[in-house]
Amino acid sequence: MLALFLRDIRLNIRAGGGALTGVIFFLAVIATIPFGVGPDLKLLARIGPAILWIGALLACLLGLDRLFQADREDGSLDLLVLGNDRHMLALTVLVKCLAHWAGSVLPLVIAAPLLGLFMNMEPLAIGATALTLLVGTPAITFIGAAGAAVAVALPRGGLLISVLVLPLTIPVLIFGVSASYGATANPDPFLQPFLILAALTLFLAVLGPVSAALALRHGTD
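Residues numbered from 1 in each chain as written. Predicted model: local features only at pLDDT ≥ 70, side-chain atom pairs only at ≥ 80, totals over all residues. Heavy atoms only, no water.

The protein chain is annotated in an unreviewed UniProt entry as Heme exporter protein B from Rhizobium loti. Of the comments in the UniProt record for the protein chain, the one headed Function (unreviewed entry) reads "Required for the export of heme to the periplasm for the biogenesis of c-type cytochromes." Regarding the protein chain, the UniProt comment filed under Subcellular location (unreviewed entry) reads as follows: "Cell inner membrane". (UniProt positions renumbered as here; feature names shortened; annotations may be inferred.)

Here's what the structure looks like:
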């Protein structure tokens, strides 16, 4: 599993700037917001956590189609599916999700504090938003794994993955934004929505890979 994790990390880096594309898209979303809402710094600071979360969510959706596509093209996906039983295949999908998150999504989390400065956010709000992104974005990857497994056999499955995954990520978005606001906006709580966000990530860390493994095995059959 460690070898598979390192292999996917290397492939993610060599595949043509997946992480850089996500960060540039994230930057583009944040940079266009002031043109839409106006130069009101107080308004930008107030909506900053929500904008960072929406931008990170959309950037996460960009690379989900690459989660299994490269393995399908070179035939290694068939070997992974046929060479593992159902439980081991789910563990393999989990490792691939972690590698995808570390290679494509973690750079978004690292870039979030800098982009928070563009939104005139307070340091506490920037730190809280970055922390919620660190905890919540793996859940988006786990949900996306199921969508990517369903659409992996389709010639243009990227848009379908976004359509399938986006509605399912709404609870993650809600609790992530609520926790980010709760760090600075009294009397809004921070701990309760943050713990629910962490619970969602842990729950989806089980449900997402299992669902993806079933979809991959069914697609191979």
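J.: Please clarify how the overall build of the protein chain should be interpreted in this entry.
T.: When its secondary structure is counted, the protein chain shows 10 helices and zero strands. From first element to last, N terminus to C terminus, the protein chain shows the α and β order α-α-α-α-α-α-α-α-α-α. In terms of overall size, the protein chain behaves like a compact globule, its C-alpha atoms giving a radius of gyration of 18 Å where 221 residues would be expected to give roughly 17 Å. Element-wise, carbon and sulfur atoms account for 72% of the exposed surface of the protein chain, whose accessible area totals about 10,900 Å². Here the protein chain holds 11 positive side-chain charges and 11 negative ones, and the gap between their average locations is 3 Å. (Helix = DSSP H or I, 4+ residues; strand = E, 2+ residues; numbered from the N terminus. Rg over C-alpha atoms; globule rule 2.2 N^0.38 Å. Areas by Shrake-Rupley, 256 points an atom, 1.4 Å probe, with all protein chains shown as cover. Lys, Arg positive; Asp, Glu negative; His and termini not counted. Charge placed at Lys NZ, Arg CZ, Asp CG, Glu CD.)

J.: For this particular structure, what's the right way to read the packing of aromatic side chains?
T.: In total, this model carries one aromatic pair according to the counting rule given. Both rings, one in Phe 190 and one in Phe 194, keep their centres 5.2 Å apart while their planes meet at 20 degrees; by these two values the pair is stacked. Judged by its relative accessible area of 24%, Phe 190 is partly exposed. (Phe/Tyr/Trp six-rings, centres within 6.5 Å; stacked < 30°, edge-to-face > 60°. Buried < 20%, exposed > 50% of the residue type's maximum accessible area, 1.4 Å probe, protein only.)

J.: Sorry, what's going on with the layout of surface pockets here?
T.: Left-over empty space is what a probe sized like a water molecule reveals as it rolls over the atoms. Considered as a void within the structure, the largest pocket measures approximately 280 Å³ in volume. Lining the largest pocket are 15 residues, with Asp 8, Leu 11, Asn 12, Arg 66 and Ala 70 positioned closest to its centre. Every element with two or more residues in the lining of the largest pocket is listed here: helix 1 (2-14), helix 4 (66-74) and helix 6 (86-118). Its residues assigned to classes, the lining of the largest pocket shows six nonpolar, four polar and five charged. (1 Å grid on protein atoms, 1.4 Å probe; cavity = no way out; pocket = protein on both sides within 12 Å on 5 of 7 lines; lining within 4 Å. Points joined across faces, edges and corners; volume = space filled by probe spheres on them. Nonpolar A, V, L, I, M, F, W, Y, C, P; charged D, E, K, R; others polar.)

J.: Help me understand the packing of helix 3 (residues 41-62) against helix 7 (residues 123-151) in this model?
T.: At a minimum axis separation of 11 Å, helix 3 and helix 7 run at an interaxial angle of 30 degrees. Judged on the interaxial angle alone, helix 7 and helix 3 are roughly parallel. Judged by the sense of rotation from one axis to the other, the crossing of helix 3 with helix 7 is right-handed. The residues of helix 7 that touch helix 3, namely those facing Pro 49, Leu 52, Trp 53, Ala 56, Leu 57 and Cys 60, are Thr 129, Thr 132, Leu 133, Gly 136, Thr 137 and Ile 140. Taken together, the residues of the contact of helix 3 with helix 7 sort by class into eight nonpolar, four polar and no charged. (Axes fitted to C-alpha atoms, helices over the stretch in contact; angles between N-to-C directions. Parallel < 35°, antiparallel > 145°, perpendicular 65-115°, else oblique. Left-handed = near helix turned anticlockwise from the far one by under 90°. Contact = heavy atoms within 4.5 Å.)

J.: What's the story with helix 9 (residues 170-182) in this structure? I'm lost.
T.: Within an α-helix, residues lying three or four positions from one another point in the same direction, as the helix has 3.6 residues per turn. Taking 1.5 Å per residue as the helical rise, helix 9 with its 13 residues ought to reach 18 Å, and the 18 Å between its terminal C-alpha atoms agrees with that figure. Looking at helix 9, one finds that the buried residues are Val 172, Leu 173, Gly 176, Val 177, Ala 179, Ser 180 and Gly 182. (Expected span 1.5 Å × (residues − 1).)

J.: Is there a simple way to explain empty space enclosed by the protein in this structure?
T.: Counted by the stated rule, this structure contains one cavity of 30 Å³ or more. Each pocket or cavity is described by its volume, and for the largest cavity that value is around 30 Å³. What lines the largest cavity is simply Phe 68, Leu 77, Leu 80, Leu 89, Thr 92, Val 93, Lys 96 and Leu 216. Listed by contribution, the elements that provide at least two residues to the lining of the largest cavity are helix 5 (76-82) and helix 6. The element best represented in the lining of the largest cavity is helix 6, accounting for four residues. Tallied by class, residues from the lining of the largest cavity come to six nonpolar, one polar and one charged.

J.: Teacher, can you tell me more about unusual backbone geometry here?
T.: Note: most residues except glycine have negative phi, and most peptide bonds are trans. At Asn 120, a position not held by glycine, the phi torsion is positive, near 60 degrees. With respect to the element layout, Asn 120 can be found in the loop between helix 6 and helix 7. With relative accessibility at 38%, the residue Asn 120 sits in the partly exposed group.

J.: How do you make sense of the confidence of the model for the protein chain when you look at a structure like this?
T.: Low pLDDT means the predicted atomic positions in that stretch should not be read closely. Per-residue confidence for the protein chain gives a mean pLDDT of 84, with 92% of residues at or over 70. Of all secondary-structure elements in the protein chain, the lowest mean pLDDT belongs to helix 5, at 73, while helix 9 reaches the highest, 93. (pLDDT = per-residue confidence, 0-100.)

J.: Would you mind showing me how to read the environment of Val 172 here?
T.: If you trace the backbone, Val 172 turns up in helix 9. If near-sequence neighbours (up to four positions away) are discounted, Val 172 is found in contact with Trp 53, Gly 136, Ala 139, Ile 140, Ile 143, Leu 197, Leu 200 and Leu 204.

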